[in-house]
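Listed here are the chains, written in short residue letters.
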Amino acid sequence: MRIRHKPWARPEIAASPICMDDAAALRGKWRAQYARQEQPFYVELGCGKGGWVSQAAVLHPENNYLALDIKSEMLGMANRKVQKAFAGAGKSPDNVRLSILNIERISTVLTPEDAPDRIYINFCNPWPKEGHKKRRLTHPRQLCQYAAILRGELHFKTDDRDLFVESIEYFEESGWEILHKTFDLHADEPADNIRTEHENMFTEMGKNIHFLIAKPPAEAFGKVPELPGRPQENEEDDENAD
Ligand SMILES: C[S@@+](CC[C@H](N)C(=O)[O-])C[C@H]1O[C@@H](n2cnc3c(N)ncnc32)[C@H](O)[C@@H]1O
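Residues numbered from 1 in each chain as written. Predicted model: local features only at pLDDT ≥ 70, side-chain atom pairs only at ≥ 80, totals over all residues.

A. How the structure looks around the confidence of the model for the chain. Put simply, the chain has an average pLDDT of 94, and 94% of its residues get 70 or more. When mean pLDDT is compared element by element in the chain, strand β4 (residues 118-122) scores highest at 99, while helix α1 (residues 9-15) scores lowest at 97. The low-confidence segment residues 231-240, where pLDDT is below 50, has 13 contacts with residues more than four positions distant or belonging to other chains. (pLDDT = per-residue confidence, 0-100. Helix = DSSP H or I, 4+ residues; strand = E, 2+ residues; numbered from the N terminus. Contact = placed C-beta atoms within 7 Å.)

See below:
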C-alpha cells in the first residue's frame, strides 16, 4: 500500500521525546531508555499507525514498549496517536518508545543484551508472490534473528490464511515451539486482546483473525546471524506487499 507523503512526519519524529532517531546507537541499551528499566520489554514489529501500541502502553504501565516501522509516515502517525492516548489518560509516555527500522535488519538494533520478553507481529504484509516471500516478517531468515535476541514469546496475528499456514511451517522448520494457535481469535476473544487498526478493518470485512504464540529454540539465543548488505530503508516494490 502506498502511503501519502506526510511532510510533518519527520520533523515531528525528530522533535518527539519518545521517538529514537538513531536506533542503532541504542543497540544493547534499550532497557535503559525507560523510566522503569526493570519492567518486561515488549517489541512490536511493523506498528503502522500505532493503534495497538498506544492502547497497550497506556493500559500496561507495568511493561515497556518499543514499536518499530519502516515508514516515517507511519511512525509520525503512531507518535501522534501515542501522545494523544497518554494525554487523554493524564499520563506521561514513559514506558513507550518508537523508532524507524527495516525489521529485515533488526539485529543491527536489538541484541541479546536487550532481550525482549515478547515480540508482537500484528498483520504484517503477506507478500503472497513466491519471489517476495522472503520479505515476510515471519520468514525463517527473520525468525533466526528474533531467536537470537528473544527471551520470551512471539505473538503473531494475521487475517491472511496462506501467510498463517506457511508461517506455522516456518516456525516449525526453524525449531520454534508453537504454544498456542487459533484460526479464529474472535470466536472466543481473550479479554486482554488489543485490536489493531487492521484487525478492526478485517473483522468488519467478515474475515477471521488467525493468532499464534511461539517460543524460539533456547539454543538459538545469543547466536546473532550475519546479515548480507541490504539498505536500511527498503520501500521498493511496496505495492507488491499485499
Ligand atoms: C499491514 S500494516 C499493519 C499495521 C499494524 N500493525 C496493524 O495491525 O494495524 C504493516 C505495517 O508494517 C510495516 N512494515 C512492512 N515491512 C516492514 C519492514 N520490513 N520493517 C518495518 N516495518 C515494516 C508497514 O510500513 C506497515 O506499517
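After that view of the structure, there is still more to cover.
B. Main features of the pairing of strand β2 (residues 64-69). The element β2 is largely enclosed, with a buried count of six among its six residues. Residues Asn64, Leu66 and Leu68 point to one face of β2 and Tyr65, Ala67 and Asp69 to the other, with burial holding for every one of them. In the sheet, strand β1 (residues 41-45) pairs with β2 via five bridges, with the strands oriented parallel. Considered in β2, the bridge of Glu44 is made with Ala67. Taking the sense of rotation as the criterion, the β-α-β connection linking β1, helix α2 (residues 51-59) and β2 turns out right-handed. Pairing between β2 and strand β3 (residues 96-100): five bridges, direction parallel. (Buried ≥ 20, exposed ≤ 12 C-beta atoms within 10 Å, placed from the backbone. Pairing = 2+ DSSP bridges. Right-handed = clockwise from strand over helix to strand, strands pointing away.)

C. Geometry of the site of the ligand. The environment of the ligand is made up of 21 residues, and the closest members are Gly46, Gly48, Ile70, Thr196 and His198. Contributions of two or more residues to the shell around the ligand are made by β2 and α6 (197-204). If one sorts the elements of the shell around the ligand by residue count, α6 sits on top with three residues. Class assignment of the residues belonging to the shell around the ligand gives a composition of eight nonpolar, eight polar and five charged. (Near = placed C-beta within 6 Å. Nonpolar A, V, L, I, M, F, W, Y, C, P; charged D, E, K, R; others polar.)

D. Highlighting the nonpolar core. If you look at the biggest cluster of nonpolar residues, it comprises 55 residues, and the most contacted ones within it are Val53 and Ala78. Here this core gets six residues from one element, more than from any other, and that element is helix α3 (residues 72-89). Not counting residues within four places of it along the chain, the set of residues in contact with Val53 comprises Glu44, Cys47, Tyr65, Ala67, Ala78, Val82 and Val96. (Core = buried A, V, L, I, M, F, W, Y, C linked by C-beta atoms within 7 Å.)

E. Region of the structure containing the environment of Lys223. Tracing the backbone through its elements, the reader meets Lys223 in the segment after β7 (210-215). The spacing of Lys223 and Lys6 is 217 residues in sequence and 38 Å in space, taken between C-alpha atoms.

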